[in-house]
Amino acid sequence: MDSVPALDEPLKKVLGGNTAKVMADHLDLHTVGDLLHHYPRRYAERGELTRLSDLPLDEHVTVVAQVADARVHKFDRGTKQRLEVTLTDGSGRLQLVFFGRGVFAAQKELLPGRRGMFAGKVGVFRNVRQLAHPAYEMLGKDDGAAAVEAWANQLRPLYPACAQLESWKIEKAVGTLLDSLEATGWDGLVDALPESLRLGRGLAELPEALLKIHRPRTKTDIAVARDRLKWDEAFVLQVALARRRHADAQLPAVPRAPAEGGLLDAFDERLPFTLTDGQQSVSREIFADLATDHPMHRLLQGEVGSGKTMVALRAMLGVVDSGGQAAMLAPTEVLAQQHHRSITEMMGDLAEGGMLGGSEQGTKVVLLTGSMGAAARRQALLDLVTGEAGIVVGTHALIEDKVQFNDLGLVVVDEQHRFGVEQRDALRSKGKQPPHLLVMTATPIPRTVAMTVFGDLETSVLDQLPAGRSPIASHVVPAKDKPHFLARAWERVREEVAAGHQAYVVCPRIGDEMGEDNGDEGAEPKGAARKSAKPPGKSPAKSPEDEAEKRPPLAVLDIAEQLAKGPLRDLRVEVLHGRMQPEAKDEVMRRFAAAEVDVLVATTVIEVGVNVPNATAMVIMDADRFGVSQLHQLRGRVGRGSAAGLCLLVSEMPEGSPARARLGAVAATLDGFELSRIDLEQRREGDVLGQAQSGARSSLRVLAVIDDEEVIAAAREEAAAVVAADPELAGYPELRTALDAFLDEEREEYLDKG
């Protein structure tokens, strides 16, 4: 190249059209800057052979290994030939196979004793793992000790690659860019970190970090580079969030302080129990925020059953005391109805303000959902616009243009992740001035993720369950390894029913004939066959884990029939799933709540909004098909009364598999915060920041939110100081440029949405 490329220059101008197209289509790399920040995922030590013993099936891999053996075999009566090459690394073996014209070229290069890099998709044939027609590059043609010594201690970057573009081709492309940038003194490179911050933290300069991440000489080089590049990502992200917090803090809001001897005091006097220390502490934080003249932005996270609704209700009553109104937004009608029912039950006649028999200190609590009748809807809208109703609980119906408030002072959003930025803002815009905002989630989130994803919100945590909640014993049931354990599980269900209790059985799939996509209900893969369909013919190469994964998920209708005819015969077994008519669902749930049903076989439709204290046992079939947080949420449906709860996680996955390890972790702890860490460790950071869902690359390349809590916390402090002193970043032009590049429209919306 004659001149240095600008960081926003398209790759096709630098690398050629074909390579650039593959990078764009398969790796989402479009510009020089994209490729420069496409960091190696790990490094191969030349001379240290990579492990072949546990290569993942059906995944593209790059391995460094030695040729142990190479043989040509003829077939089809000698008219065709194939080359079989065996690689070794001391831990295991891998076979390469070449056919046709590829045999001759490979035969000349792949000689026993030679080492090389090999890339391809791992398949299996006759119980042997193999790469068919892999791409490869040899690492030194001399078999002698001198050649080995020459590259023995060097580190070779292995990049996130794809079938169409191997790691070493990416390495060459990155090398081309680095050579060009070095030759011109890194002209045009934008460094977002303020010099004072970089020096104060002892971080490397950006050019040095980029060279060391792509061309390390030692492992220390990699550590120095990663330390610097983590700070780049954490700092830019935290500046974006700090600016959002600063902008929100400039908005005016009406301070909402509870009235002495008012509605809140009347409610507290009637409480038949004492608030937990956690509830009292969190309430103090919320009331302090509500008393200020700028809008509260607070995230309230806590376990299922930790009493978040009670905390939110007390905040809403305090706002009503001050003359304002409060709205609670729930993601589903079932949840909205449950919140409305529990709030009116807790308040008693205080929820009947202005009504016959209602308390003089009370207010009206109304429900607003899309399926309400026209008359009830008209009355609810009238109560809101006149101020007669101090509290409204509703679904997306609250956001519609027709809904107007007299004086909206507080918005409570339940299950924050279910709502988009437009919905949250549409409700907030209904206040005469920006209302205060409290968002709640029952999914425990590690502090690092809360700081990163919900960075525009102050965070309160309820990690203590109220008195009266019973412990839940959890166990993994290995159905395939030990079938008598599953038989014992059904005996335990019968014992719970005999003791006067009830049980849930949860399945990933419905199992009817209408097509097998069950929406958001379970963990079912789209297009799964019915359980009655036989899996494809067994291949001797498949592991027990492969077999368990290929089998269609167990279905509600099938399991309910088997239980009613078999181990749970003579018990009252009913089914519940999302495709039932609303009236039928309501009727089944009413009968279950009234203890007219012993065992409810259901999909994850029971995950939220179901509270039956008499249900003490839950059996989750194919538990490995559910996520960690989903299992934790489901388990929270039992142990809600005075009797102890039991949760049995049934799986056919073999012992030692990652799926069984995950279930073991769920069974080992009831601490949702610990489980959320386990959950996060198994997911890409892109999932956490919302990029994976849209197909875009994660904005985090070296920062791991689960491991880098200290960096994120320190970056938050530094960012807050910079933004407080210079909100417009007038003195930080490079930071502004980096911020504009980081915050594309989609990511900005995701940060808004949380």
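Residues numbered from 1 in each chain as written. Predicted model: local features only at pLDDT ≥ 70, side-chain atom pairs only at ≥ 80, totals over all residues. Heavy atoms only, no water.

Draft legend 1. Up close: the overall build of the protein chain. A tally of helices and strands in the protein chain yields 27 helices and 21 strands. Long-range contacts, defined here as pairs at least 24 residues apart, represent 73% of the contacts in the protein chain between residues at least 6 apart. With the model as given, the accessible surface of the protein chain reaches about 33,700 Å², and the carbon-plus-sulfur share is 49%. (Helix = DSSP H or I, 4+ residues; strand = E, 2+ residues; numbered from the N terminus. Contact = heavy atoms within 4.5 Å. Areas by Shrake-Rupley, 256 points an atom, 1.4 Å probe, with all protein chains shown as cover.)

Draft legend 2. Structural view of the sheet that holds strand β14 (residues 436–441). Taken in spatial order, the seven strands line up as β11-β12-β10-β13-β14-β9-β15 in an open sheet, and their pairing is parallel. Taken across any chain shown, the strands that pair with only one partner, and hence form the sheet edges, are β11 (364–368) and β15 (458–462). For this sheet, the mean inter-axis angle between neighbouring strands, taken without regard to orientation, is 20°. Here strand β13 (residues 408–414) runs beside β14; their pairing, made up of five bridges, is parallel. (Pairing = 2+ DSSP bridges. Axes fitted to C-alpha atoms, helices over the stretch in contact; angles between N-to-C directions.)

Draft legend 3. Main features of the packing of aromatic side chains. Across all of its chains, the model carries four aromatic pairs by this definition. Ring plane angle 85° and centroid distance 6.2 Å describe the contact between Phe75 and Phe99, whose orientation is recorded as edge-to-face. Within this pair, whereas Phe75 is found in strand β2 (residues 60–75), its partner Phe99 is found in strand β4 (residues 93–99), the two being separated by 24 residues in sequence. (Phe/Tyr/Trp six-rings, centres within 6.5 Å; stacked < 30°, edge-to-face > 60°.)

Draft legend 4. Quick peek at a negative patch on the surface. Judged by side-chain charge, Asp463, Asp671, Glu674, Glu681 and Asp707 come together as a negatively charged surface patch. By the element assignment, Asp463 lies in the loop between β15 and β16 (472–478). For Asp463, a relative accessible area of 58% gives the class exposed. (Patch = residues over 30% accessible without salt bridge, like charges linked within 9 Å, V, L, I, M, F, W, Y side chains within 5 Å. Salt bridge = Lys/Arg side-chain N within 4 Å of Asp/Glu carboxyl O. Lys, Arg positive; Asp, Glu negative; His and termini not counted. Charge placed at Lys NZ, Arg CZ, Asp CG, Glu CD. Buried < 20%, exposed > 50% of the residue type's maximum accessible area, 1.4 Å probe, protein only.)

Draft legend 5. Highlighting the side chain of Ser283. Along the chain, Ser283 falls in helix α11 (residues 277–290). Its relative accessible area of 4% is what places Ser283 among the buried residues. Within polar-contact distance, the side chain of Ser283 engages the side chain of Arg314 at 3.1 Å. The contact partners of Ser283, leaving out residues within four places of it in the chain, are Val311 and Arg314. (Polar contact = N/O pair within 3.5 Å; in protein donor to acceptor, adjacent residues only side chain to side chain.)

Draft legend 6. Focus on the pattern of salt bridges. Going through the model one piece at a time under the given rule, you end up with 37 salt bridges. Here Asp76 and Lys80 are joined by a salt bridge, their closest N and O atoms 3.3 Å apart. Judged by relative accessible area, Asp76 falls into the partly exposed class, the value being 45%.

Draft legend 7. Geometry of the sheet that holds strand β19 (residues 599–602). A sheet is described by the order of its strands in space; here six strands give the open sequence β16-β21-β20-β17-β19-β18, paired in parallel fashion. Edge positions in the open sheet fall to β16 and β18 (573–576), since each of these has one partner strand only. The average angle at which neighbouring strand axes cross in this sheet is 20°, direction not considered. Relative to β19, β18 runs parallel, the two being bridged by four bridges.

Draft legend 8. Structural detail: the pairing of β11. Taking burial as the measure, the five residues of β11 include five buried ones, the bulk of the element. Because side chains alternate across β11, one face comprises the buried residues Lys364, Val366 and Leu368, and the other comprises Val365 and Leu367, equally buried. Looking at chain direction, β11 and strand β12 (residues 389–394) are connected through five bridges and run parallel. The partner of Leu368 across the bridge, within β12, is Gly394. The parallel pair β11 and β12, bridged by helix α14 (residues 374–386), forms a crossover whose chirality is right-handed. (Right-handed = clockwise from strand over helix to strand, strands pointing away.)

Draft legend 9. Broad picture of unusual backbone geometry. Look at Asp28: it is not a glycine, yet its phi comes out positive at around 60°. Relative to the helices and strands, Asp28 resides in the loop between α2 (17–27) and α3 (32–36). The exposure class assigned to Asp28 is partly exposed, which follows from its relative accessible area of 25%. Positive phi is not limited to glycine here, since Asp622 has a value of about 50°. Mapped onto the elements of the fold, Asp622 is located in the loop between β20 (615–620) and α21 (628–635). Looking at Asp622, the relative accessible area reads 3%, which means it is buried.

Draft legend 10. Up close: the nonpolar core. The biggest cluster of nonpolar side chains holds 39 residues, and the ones touching the most others in it are Met316, Met347, Ile391 and Leu410. Considering every element that reaches this core, the biggest residue donor is helix α12 (residues 308–321), with nine residues. Those residues in contact with Ile391, other than ones at most four positions away along the chain, are Leu313, Met316, Leu317, Val320, Ala326, Met347, Lys364, Val365 and Val366. Residues Leu7, Ile170, Leu206 and Leu210 belong to the second largest nonpolar core, which totals 33 residues. (Core = buried A, V, L, I, M, F, W, Y, C linked by side-chain atoms within 4.5 Å.)

Draft legend 11. Region of the structure containing the packing of helix α9 (residues 219–250) against helix α25 (residues 709–725). It is at 8 Å that the axes of α9 and α25 come closest, and there the two elements cross at 50°. Classified by the interaxial angle, the pair formed by α9 and α25 is oblique. For the pair α9 and α25, the crossing hand works out as right-handed. Along the contact surface, α9 presents Lys230, Trp231, Ala234, Phe235, Gln238, Val239, Ala242, Arg243, Arg245 and His246, while α25 presents Val711, Ile712, Ala714, Ala715, Arg716, Glu718, Ala719, Ala720, Val722 and Val723. Of the residues that constitute the contact of α9 with α25, the class distribution is 13 nonpolar, two polar and five charged. (Parallel < 35°, antiparallel > 145°, perpendicular 65-115°, else oblique. Left-handed = near helix turned anticlockwise from the far one by under 90°. Nonpolar A, V, L, I, M, F, W, Y, C, P; charged D, E, K, R; others polar.)

Draft legend 12. How the structure looks around α21. For α21, the buried fraction is high: seven of the eight residues fall into the buried class. What α21 keeps buried is the set Val628, Gln630, Leu631, His632, Gln633, Leu634 and Arg635.

Draft legend 13. Region of interest: the environment of Met328. Relative to the helices and strands, Met328 is located in strand β10 (residues 325–329). Under the relative-accessibility criterion, Met328 is labelled buried at 0%. Separated by 39 residues in sequence, Met328 and Leu367 have C-alpha atoms that sit 9.7 Å apart. Discounting chain neighbours no more than four positions away, the residues touching Met328 are Ala312, Met316, His339, Ile343, Val392, Val393, Gly394, Leu398, Val412 and Met440.

By themselves, these are just geometric observations and shouldn't be taken as functional.
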